[in-house]
Amino acid sequence: MGVVLCLGGQWGDEGKGKIVDLLAESAQMVIRSQGGNNAGHTVVVGDHTFKFNLIPAGILHPSTVCVIGNGVVLDPRVLLSELEALEEQGANLDNLVISERAHMIMPYHPVLDRLEEGARGDDRLGTTFRGVGPAYSDKVRRIGFRVGDLQKPAFLEKKLRFVLPLKNQALVRLYDAQPFTVEAILEEYTDYARRLDRFIRDPYPLIQGALAEERRVVLEGAQGTMLDLDLGTYPYVTSSYPSAGGVLAGAGIGPRHVTRTIGVFKAYTTRVGYGPFPTELEGELGEYLRERGGEYGTTTGRARRVGWFDACVARYAVAVNGIDSLALTKLDVLDELETVRICTGYRSKGQPQDHPMANISHLKHLEPEFEELPGWRRSTRGARRREELPSEARAYLDRLSELLGAGVDWVSVGAGRDQTIEPAAW
Ligand code: GDP
Ligand code: IMO
Ligand code: MG
């Protein structure tokens, strides 16, 4: 059993929510351990579509304990509306635990996020405006507010009286924006404290207990490796660590417990926001894949940029995360194409290059080299076993597996829970 890491291997939105929901069925615990409500994870069960921003996708399994871990930045307002929606849909919330160590997004964080983006002008990053970057900055500056502070009103107020002037100074002096008042924030957060109290706990004994009993614990990644603050396409990244190390740190789990690291990849590539994207497709084909794949952001509704599968990016993700198992999603989106392409290498100023480099201006000007494979031009949406896939689709999976050095164990051929080819045992 042990800990299963389920991580995004590209620029996010790989279909992690769907895969985590499947893994959660046999798990005692699912932990979301980093990022905030910049994430949007979709799970489709029959006619119902569930969208999660903060709550682990495991919540749909009534006996699975769901933890929001210490590495998350949590906007209480967003969490409460997510809880309300789930309650209306009949989900069982009794098993939700929020770490008292998780940091909170404060009302000034989304405002600063938007203002900072505006000030960057042409160099803007395309953030989700959810305040995630400013909240993590404050965490690192040690002026952040933690969920546990909600249970200590006097401490919360004292800290707010120190921190808020710093924030107001930036708002007023740098951006000519409206300041916040201590009183208004206290009133708002006192209400959140009351409504969230029953979920706030130290999950340490629960998590360590599950590990000691060798129960299955699934770590639900958010964002993707190429959005990692250190390993991604900096500065066009998020402000947390979506890669394996960050996901473990954000849950308080050591690497020795990990029994499998699943990399979730789309059968092509997408990216929301700005920054380098070597295999990006513009024009008709890009438009076609965007429409067929429904590539519009779960959180912001923004159109996602689309491109061919980039095996250089994916191989890098496999390497830096220690991925030993692949989940390939949205294979069905490629069903009608005459040929499919895989980027197998780059050229940078004429020189061969096999992985995404740190230098952003070099990365922006890479020339991708493609391998072309025949398409299958048949629907894969009804396939439930690998043998039911057209031979050309199987050849595509085999080639990806060969290029990435890991087996494709899960294949997703539609958004529905059942539209999956799962491994016989794992
Ligand atoms: P996440 O952030 O990694 O959880 O991914 P998102 O939920 O943001 O985006 C994935 C989108 O693709 C969602 O709308 C899913 O319902 C959908 N999806 C997942 N797997 C498949 C698949 O195999 N085929 C199709 N057509 N859609 C899928
Ligand atoms: P899931 O978990 C896709 C992107 C934003 C932007 C950059 C920085 O659904 O895969 P931020 O608001 O984090 O400061 O924005 O990161 N981004 C995501 N893109 N999926 C996500 O999450 C993302 N979370 C952040 O679009 O380019
Ligand atoms: Mg998403």
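These numbers come from a predicted model, not from an experiment.

K.L.:
Requested: an account of the domain arrangement of the protein, with residues and values cited.
P.N.:
Structurally, the protein comprises domain 1 (3–98 + 201–262), domain 2 (103–197) and domain 3 (266–421). When each unit is reduced to the centre of its C-alpha atoms, the spacing between domain 1 and domain 3 is 23 Å. Each partner contributes to the roughly 3,100 Å² buried at the junction of domain 1 and domain 3, and carbon and sulfur atoms together form 58% of this total. Counting the surface domain 1 buries against domain 3, the share from its top three residues, Trp11, Lys18 and Tyr236, is 22%. On inspection of domain 1 and its partner domain 3, the count reaches three salt bridges. Across the domain 1-domain 3 interface, the total number found is 21 residue pairs in polar contact (both at pLDDT 80 or more). Of all the elements in the fold, those that place two or more residues in the side of domain 1 that touches domain 3 are helix 1 (16–24), strand 3 (41–45) and strand 11 (258–266). When residues in the side of domain 1 that touches domain 3 are grouped by element, the largest group, five residues, is from helix 1.

K.L.:
I'd like a rundown of the site of ligand 2, residues and numbers included.
P.N.:
Around ligand 2, a shell composed of 20 residues is seen, among which Asp13, Lys16, His41, Thr128 and Thr238 lie nearest. Here an oxygen atom of ligand 2 sits 2.7 Å away from a polar atom, N or O, in the side chain of lysine 16. Between ligand 2 and arginine 302 there is a distance of 2.9 Å, counted from an oxygen atom to a side-chain nitrogen or oxygen. Relative to its unbound accessible area of 540 Å², ligand 2 is 97% covered by the protein chains. When the residues that make up the shell around ligand 2 are grouped by side-chain class, the tally is seven nonpolar, ten polar and three charged.

K.L.:
Which residues make up the coordination of the magnesium ion (ligand 3), and what values go with them?
P.N.:
Protein-derived coordination of the magnesium ion (ligand 3) comes from Asp13 (OD) and Gly40 (O), at a distance range of 2.0 to 2.1 Å. Of this pair, aspartate 13 sits in the loop between strand 1 (3–8) and helix 1 while glycine 40 sits in the loop between strand 2 (29–32) and strand 3, and the two are 27 residues apart along the sequence. Using a relative accessible area of 22% as the deciding quantity, one classes aspartate 13 as partly exposed. What makes glycine 40 buried here is its relative accessible area of 9%.

Basis of the calculations
- Residues numbered from 1 in each chain as written.
- Chains lettered and ligands numbered in written order.
- Predicted model: local features only at pLDDT ≥ 70, side-chain atom pairs only at ≥ 80, totals over all residues.
- Heavy atoms only, no water.
- Domains from an automatic or database assignment.
- Buried area = accessible area lost by both parts, 1.4 Å probe.
- Salt bridge = Lys/Arg side-chain N within 4 Å of Asp/Glu carboxyl O.
- Polar contact = N/O pair within 3.5 Å; in protein donor to acceptor, adjacent residues only side chain to side chain.
- Helix = DSSP H or I, 4+ residues; strand = E, 2+ residues; numbered from the N terminus.
- Near = heavy atom within 4 Å.
- Areas by Shrake-Rupley, 256 points an atom, 1.4 Å probe, with all protein chains shown as cover.
- Nonpolar A, V, L, I, M, F, W, Y, C, P; charged D, E, K, R; others polar.
- Donors = N, O, S within 2.8 Å, 3.2 Å for Na, K, Ca; no water.
- Buried < 20%, exposed > 50% of the residue type's maximum accessible area, 1.4 Å probe, protein only.

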